[in-house]
Amino acid sequence: WPGSPKPTRWSGATRTVVFYAHYDGQPVDTTQWKTAPWQPVLRDKPMEAGGSVIPLPSTAGSVQGEWRIYGRSASDDKAPIVAMLSALDALKASGIQPSVNMKFFFEGEEEAGSGHLGPLLERYADLLKADAWLFGDGPVHQSRRQQIVFGVRGVTGVELTVYGPSHGLHSGHYGNWAPNPVTRLANIIASMRNDDGRILIKHFYDDVSPITPAERRALAGVPTIDSAMRAEIAMGAT
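Residues numbered from 1 in each chain as written. Predicted model: local features only at pLDDT ≥ 70, side-chain atom pairs only at ≥ 80, totals over all residues. Heavy atoms only, no water.

A. Broad picture of the overall build of the protein. Within the protein one finds six helices and six strands. Of the regular secondary structure in the protein, the N- to C-terminal order runs β-β-β-β-α-β-α-β-α-α-α-α. Here the protein has a C-alpha radius of gyration of 24 Å; the compact-globule value for 238 residues is 18 Å, and the former is much larger. Taking the principal axes of the C-alpha coordinates as reference, the protein spans close to 80 × 45 × 45 Å. Out of the 238 residues in the protein, the part that is buried amounts to 15%. Intrachain contacts of the protein at a sequence separation of at least 6 include 64% that bridge at least 24 residues. Summed over its atoms, the accessible surface of the protein is roughly 18900 Å², and 56% of this surface lies on carbon and sulfur atoms. Placing the 23 positive and 24 negative side-chain charges of the protein at their respective mean positions leaves the two points 4 Å apart. (Helix = DSSP H or I, 4+ residues; strand = E, 2+ residues; numbered from the N terminus. Rg over C-alpha atoms; globule rule 2.2 N^0.38 Å. Buried < 20%, exposed > 50% of the residue type's maximum accessible area, 1.4 Å probe, protein only. Contact = heavy atoms within 4.5 Å. Areas by Shrake-Rupley, 256 points an atom, 1.4 Å probe, with all protein chains shown as cover. Lys, Arg positive; Asp, Glu negative; His and termini not counted. Charge placed at Lys NZ, Arg CZ, Asp CG, Glu CD.)

B. Just the pattern of salt bridges, in detail. Throughout the structure, instances matching the rule amount to two salt bridges. In this structure, Arg15 engages Asp131 in a salt bridge whose closest nitrogen and oxygen atoms are separated by 3.5 Å. Linking Arg15 in the segment before strand S1 (16-22) with Asp131 in the loop between helix H2 (117-123) and strand S6 (132-135), this pair joins segments that are 116 residues apart in sequence. Assessed through its relative accessible area of 46%, Asp131 is described here as partly exposed. A salt bridge links Lys129 to Asp126, with the nearest nitrogen and oxygen atoms 3.8 Å apart. As far as the burial class goes, Lys129 and Asp126 line up, both exposed. (Salt bridge = Lys/Arg side-chain N within 4 Å of Asp/Glu carboxyl O.)

C. Molecular detail of unusual backbone geometry. Note the cis peptide between Asp76 and Asp77, where omega equals 25°. Looking at the secondary structure, you find Asp77 in helix H1 (residues 74-94). Although it is not a glycine, Arg144 sits at a positive phi angle of roughly 70°. Within the fold, Arg144 resides in the loop between S6 and helix H3 (171-174). The phi torsion at Ala234 lies on the positive side, around 60°, for a residue other than glycine. Structurally, the position occupied by Ala234 is in the segment after helix H6 (226-232).

D. Spatial organisation of the packing of aromatic side chains. For the structure on display, the rule yields eight aromatic pairs. Relative to Phe135, the ring of Tyr20 has its centre 4.9 Å away and its plane inclined at 45°; by these criteria the two rings are tilted. Of this pair, Tyr20 sits in strand S1 while Phe135 sits in strand S6, placing them 115 residues apart in sequence. An angle of 50° between the planes, with centres 6.0 Å apart, marks the rings of Phe104 and Phe106 as tilted. One Lys or Arg, Arg43, reaches over the ring of Tyr70 and ends 5.7 Å from the middle of that ring. (Phe/Tyr/Trp six-rings, centres within 6.5 Å; stacked < 30°, edge-to-face > 60°. Lys NZ or Arg CZ within 6 Å of the ring centre and 35° of its normal.)

E. Spatial organisation of H1. For H1, the complete set of buried residues consists of Ala74, Asp77, Pro80, Ile81, Met84 and Leu88. Where H1 is buried, its residues touch S1, strand S4 (68-70) and strand S5 (101-107).

F. Just the sheet that holds S1, in detail. Strand order in the open sheet formed by three strands is S5-S1-S6, and the pairing between neighbours is parallel. The open sheet has two edge strands with one neighbour each: S5 and S6. Taking the axes of each pair of neighbouring strands and ignoring which way they run, one obtains an average angle of 25° across the sheet. Docked against the sheet, H1 engages S1 and S5, running at close to 140° with respect to S1. (Pairing = 2+ DSSP bridges. Axes fitted to C-alpha atoms, helices over the stretch in contact; angles between N-to-C directions.)

G. Highlighting the nonpolar core. Core analysis: the largest hydrophobic core is formed by seven residues, namely Val17, Phe19, Ala21, Ile81, Met84, Leu88 and Met102. Elements supplying a minimum of two residues to this core: S1 and H1. Excluding residues within four positions of it along the chain, Val17 makes contact with Val100, Asn101, Met102, Lys103, Ala132 and Leu134. Within the second largest apolar cluster, six residues are counted, among which are Val18, Tyr20, Tyr124 and Leu127. (Core = buried A, V, L, I, M, F, W, Y, C linked by side-chain atoms within 4.5 Å.)

Below you can see the structure in the form of structure tokens.
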């Protein structure tokens, strides 16, 4: 953030939306790549389906739905950034004035834990003030229909230390007598949730808002993909 730039405001717009995406990616293991990860490659279909490398278009034209770009973090998460900026260019080229003020927040530490995100949000709270944030980061719905997810899961890191014997013990001599730290850790983790995924930690759900009737109606309208997904990944239950 070089200084504190003034956000562009559109005449008559009373609402502001921030569009978020991140441009960093996971560390690269080049031995797992068929082509160089730093050189974007276009294929005529997914690589696992036998997609062949085709030239990157140099002129305007249509894009085929099965084409795939392969490159480091091309989809997660550079593609949304390109889509957002292309849409902004298209609006300007067409002389269309957006009905909302737009701000863009592109982060470079998402895959590394967003260590500086908190201080950035606090430092630039006034600049980032908005009515809504849209996160362009997530999978396409299995039905391939466009979707907006109202709410994003958070992540909490916890470090557990389990103590055991002062040195390694032979299981044939000490098994079933000396508690195994790995088993105890597994028991601790298993005790936190039941088989259906409900968290068993006391007070975990105290501040969770119940699902509203409107949300239940929206959920009922989502295409049903559970059976197809279970068959695709060979799972007996979810």
